[in-house]
Amino acid sequence: MARATVLGMRREPHENVATVLVDPALLPDLELELVELDLWVWPVRSAPICTDGPRTEFQVRRRLVEAQRGAWDCAATWVPVWISFGERWASGDEPLPWSAHRALWQVLDAHADRVRFHRRLGGVRPLVAPVERRPAS
């Protein structure tokens, strides 16, 4: 729940993401292609913000597939992912630049037969990669 401020409601921190269904056979290659553009793929099942990843994965996939009334039935077993934008695309508190949107849509369009998505972004709690800890020497 948002907290009240003097000027009204304050929005909880969020991160802009595209929600995409990806053919599992494409996922490793797509992830490599996107990371070169500082676009980060987060499979919903293992995203650090999901307390019950398998359930959230099922719900996201089902909502996306069923909303298309048969048009996306081929994606009924595909992997739902969130794609976020890395630091390269950040400009302080400014909105995400259109060039970031364009870069993402171009990559996804190149794989149109193996991905399903809408050209819009949603918001999720900030996705933070776990910090790798090195063993003490």
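Each remark here, short or long, concerns the structure printed above.
In what follows, the accompanying structure is described. Everything quoted here is computed from the prediction, not taken from an experiment.

## Some details on the overall build of the protein
Reasoning step 1: Assigned secondary structure in the protein consists of 3 helices and 7 strands.
Reasoning step 2: Across the 137 residues of the protein, 37% fall into the buried class.
Reasoning step 3: In the protein, the share of contacts with a sequence separation of at least 24, taken over all contacts with a separation of at least 6, comes to 74%.
Reasoning step 4: Of the roughly 9,300 Å² of accessible surface on the protein, a fraction of 52% belongs to carbon and sulfur atoms.

## Considering the layout of surface pockets
Reasoning step 1: Estimates place the volume of the largest pocket at around 450 Å³.
Reasoning step 2: Lining the largest pocket are 22 residues, with H14, E15, N16, S84 and F85 positioned closest to its centre.
Reasoning step 3: For the lining of the largest pocket, the elements supplying multiple residues, two or more each, are β3 (15–22), β4 (39–43) and β5 (79–85).
Reasoning step 4: Residues that form the lining of the largest pocket fall into these classes: 13 nonpolar, 6 polar and 3 charged.
Reasoning step 5: Approximately 250 Å³ is the volume attributed to the second largest pocket.
Reasoning step 6: Looking at the second largest pocket, it is lined by 13 residues, and the ones nearest its centre are T19, R63, L64, H118 and R120.
Reasoning step 7: Contributions of two or more residues to the lining of the second largest pocket are made by β3, α2 (53–67) and β7 (122–124).
Reasoning step 8: No other element matches α2, which puts 4 residues into the lining of the second largest pocket.
Reasoning step 9: For the lining of the second largest pocket, the class distribution of residues is 7 nonpolar, 4 polar and 2 charged.

## Description of the nonpolar core
Within soluble globular proteins, side chains that are nonpolar tend to cluster in buried spots.
Reasoning step 1: By size, the foremost hydrophobic cluster in this structure holds 23 residues, and its most contacted members are V20, I83, L104 and L108.
Reasoning step 2: Contributions of two or more residues to this core are made by β3, α1 (27–35), β4, β5, α3 (98–110) and β6 (115–117).
Reasoning step 3: The leading source of residues in this core is α3, at 6 residues.
Reasoning step 4: In contact with V20, other than residues within four places in its own chain, are V79, P80, V81, I83, L108, V115, R116 and F117.

## Concerning a nonpolar patch on the surface
Reasoning step 1: Residues L32, V35 and W40 make up a contiguous nonpolar surface patch of about 270 Å² in total accessible area.
Reasoning step 2: Its location among the elements puts L32 in helix α1.
Reasoning step 3: Among the residues examined, L32 registers a relative accessible area of 55% and is labelled exposed.

## Some words on the pairing of β3
Reasoning step 1: Most of β3 sits inside the fold, with 6 of its 8 residues counted as buried.
Reasoning step 2: For β3 and β7, the ladder comprises 3 bridges, and the chain directions are antiparallel. Following the sheet pairing, E15 is matched in β7 by V124.
Reasoning step 3: Pairing of β3 with β5, which is carried by 6 bridges, proceeds in the antiparallel orientation. From the neighbouring strand, A18 faces β5, where its bridge partner is I83.
Reasoning step 4: Summarising the sheet, β3 and β6 pair through 3 bridges and their orientation is antiparallel. Looking at β6, one finds that V22 is bridged to V115.

Definitions and limits used
Along each chain, numbering runs from 1 in the same order as the chain's sequence is written. Residues qualify for local features only when their pLDDT is at least 70, as the model is predicted, and side-chain atom pairs are given and counted only at 80 or more; totals for whole chains, interfaces and linings, by contrast, use all residues. The side-chain quantities take in all heavy atoms of the structure and omit both hydrogens and water. We count a stretch as a helix when DSSP gives it H or I for four or more residues in a row; a strand needs E for two or more, and each element gets its number in order from the N terminus. When accessible area is computed with a 1.4 Å probe and restricted to protein chains, residues below 20% of their type maximum are described as buried, those above 50% as exposed, and intermediate ones as partly exposed. Two residues qualify as a contact provided that any one of their heavy atoms is within 4.5 Å of a heavy atom in the partner residue. Residue-level accessible areas treat just the shown protein chains as cover; the underlying method is Shrake-Rupley with a 1.4 Å probe. For each structure, a 1 Å grid was placed over the protein atoms alone; sets of points admitting a 1.4 Å probe that cannot get out are labelled cavities, open sets with protein on both sides within 12 Å along at least five of seven lines are labelled pockets, and lining residues have an atom within 4 Å of a point. Grid points are joined across faces, edges and corners, and a volume is the space filled by probe spheres set on the points. Ten residues, namely Ala, Val, Leu, Ile, Met, Phe, Trp, Tyr, Cys and Pro, are considered nonpolar, four, namely Asp, Glu, Lys and Arg, are considered charged, and the remaining ones, Gly among them, are considered polar. Think of a nonpolar core as a cluster: buried Ala, Val, Leu, Ile, Met, Phe, Trp, Tyr and Cys residues, connected wherever their side-chain atoms sit within 4.5 Å. Patch definition: residues with relative accessible area over 30% and no salt bridge; like charges joined within 9 Å; nonpolar side chains (Val, Leu, Ile, Met, Phe, Trp, Tyr) joined within 5 Å. Note on definitions: salt bridges are taken to be side-chain nitrogens of Lys or Arg within 4 Å of carboxyl oxygens of Asp or Glu. What makes two strands pair is DSSP finding at least two bridges between them.

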